[in-house]
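Each chain is listed here by its residues.
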Amino acid sequence: QVHLVESGGGLVQPGGSLTLSCAASARTFSSYGKGWFRQAPGKEREFVAAVLMSSGSTYYSKSVQDRFTISRDNGLNTVYLQMNSLKPEDTAVYYCAEGPAWAITSGNPGGMDYWGKGTLVTVSS
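Everything numeric in this text was worked out from a predicted model, so none of it was measured.

Engineer: Can you help me understand the sheet that holds strand β3 (residues 18–24) in this one?
Structural biologist: Adjacent strands of a sheet form backbone hydrogen bonds with each other and so pair up, either parallel or antiparallel. The strand order β1-β3-β8-β7 describes an open sheet built from four strands, whose pairing is antiparallel. What marks the edges here is a single partner per strand, and that holds for β1 (4–7) and β7 (68–73). With strand direction ignored, the average angle separating the axes of adjacent strands in the sheet is 15°. Here four bridges tie β1 to β3, and the two strands are oriented antiparallel to one another. Bridging across to β3, Glu 6 finds its partner in Cys 22.

Engineer: Just checking my understanding: could you explain the packing of aromatic side chains for this structure?
Structural biologist: To describe a pair of aromatic rings, you give the distance between the ring centres and the angle between the ring planes. By the definition in use, this model includes three aromatic pairs. Both rings, one in Phe 37 and one in Phe 47, keep their centres 5.7 Å apart while their planes meet at 70°; by these two values the pair is edge-to-face. Of the two residues, Phe 37 is situated in strand β4 (residues 33–39) and Phe 47 in strand β5 (residues 46–52); the sequence distance between them amounts to ten residues. Ring centres 6.4 Å apart and planes at 80° place the aromatic pair Tyr 95 and Trp 115 in the edge-to-face group. Of this pair, Tyr 95 sits in strand β9 (residues 92–99) while Trp 115 sits in strand β10 (residues 114–115), and the two are 20 residues apart along the sequence. Relative accessible area serves as the criterion here: at 14%, Tyr 95 is assigned to the buried category. What links up through ring pairs into an aromatic cluster is the set Phe 37, Phe 47, Tyr 95 and Trp 115. The ring of Tyr 95 carries Arg 45 above its face, with NZ or CZ at 3.8 Å from the centroid.

Engineer: When you look at the confidence of the model for the protein in this model, what are you seeing that I'm missing?
Structural biologist: Fine structural detail should not be taken from predicted coordinates in areas where pLDDT scores are low. In the predicted model, the protein carries a mean pLDDT of 94, and the fraction of residues at 70 or more is 100%. Of all secondary-structure elements in the protein, the lowest mean pLDDT belongs to helix α1 (residues 101–106), at 91, while strand β11 (residues 119–123) reaches the highest, 98.

Engineer: I tried to follow the pattern of salt bridges on my own but got confused; where do I start?
Structural biologist: In total, this model carries four salt bridges according to the counting rule given. Across the pair Arg 38 and Glu 46 runs a salt bridge whose closest N-O atoms are separated by 2.6 Å. Residue class for Arg 38 comes out buried when judged on its relative accessible area of 6%. By relative accessible area, which is 35% here, Glu 46 ends up partly exposed. With its nearest N and O atoms 2.8 Å apart, the salt bridge here joins Arg 67 to Asp 90. Within this pair, whereas Arg 67 is found in the loop between β6 (58–60) and β7, its partner Asp 90 is found in the loop between β8 (78–83) and β9, the two being separated by 23 residues in sequence.

Engineer: Before we go on, may I ask you to explain the side chain of Glu 6 in this structure?
Structural biologist: For Glu 6, the position within the fold is in strand β1. One polar contact links the side chain of Glu 6 to the main-chain amide nitrogen of Lys 117, over a distance of 3.2 Å. At a separation of 2.9 Å, a polar atom in the side chain of Glu 6 contacts the main-chain amide nitrogen of Gly 118. Apart from the residues within four sequence positions on either side, Glu 6 is in contact with Ser 21, Cys 22, Trp 36, Tyr 94, Tyr 95, Cys 96, Gly 116, Lys 117, Gly 118 and Thr 119.

Parameters at a glance
Residues numbered from 1 in each chain as written. Predicted model: local features only at pLDDT ≥ 70, side-chain atom pairs only at ≥ 80, totals over all residues. Heavy atoms only, no water. Pairing = 2+ DSSP bridges. Helix = DSSP H or I, 4+ residues; strand = E, 2+ residues; numbered from the N terminus. Axes fitted to C-alpha atoms, helices over the stretch in contact; angles between N-to-C directions. Phe/Tyr/Trp six-rings, centres within 6.5 Å; stacked < 30°, edge-to-face > 60°. Buried < 20%, exposed > 50% of the residue type's maximum accessible area, 1.4 Å probe, protein only. Lys NZ or Arg CZ within 6 Å of the ring centre and 35° of its normal. pLDDT = per-residue confidence, 0-100. Salt bridge = Lys/Arg side-chain N within 4 Å of Asp/Glu carboxyl O. Polar contact = N/O pair within 3.5 Å; in protein donor to acceptor, adjacent residues only side chain to side chain. Contact = heavy atoms within 4.5 Å.

Set out below in structure tokens:
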């Protein structure tokens with residue numbers, strides 16, 4: 001069993017920046033990856049960004065590409081999500097997840113094996 005713990009959420013003004021962290025309690029398969037998903041009130045959970053832990057290949061949704069950057073630290077078994085130029089529509093609970101490569105590369109939440117409890121990001125003036 002892998003436990004994922006997110007941190008770094010909070011309140012930020014539009015145009016501001018925030019960095020989320022996701023620490024894993026254990027390592028899984030080297031072919032696995034970690035991703036960030038978000039869920040706004042009344043909306044379905046959606047893919048944000050993901051990274052394959054072995055190769056470092058990254059994947060982004062169109063809505064965050066060029067504004068968000070995902071990175072990993074294999075030594076710490078941690079991934080980060082640097083969020084810049086934040087918009088009110090980025091407001092959501094952000095979840096970290098871990099899963100096989102096919103789910104990572106397709107951004108499919110249904111294919112992820114482990115989930116964190118989420119951290120709230122609020123973008124508001």
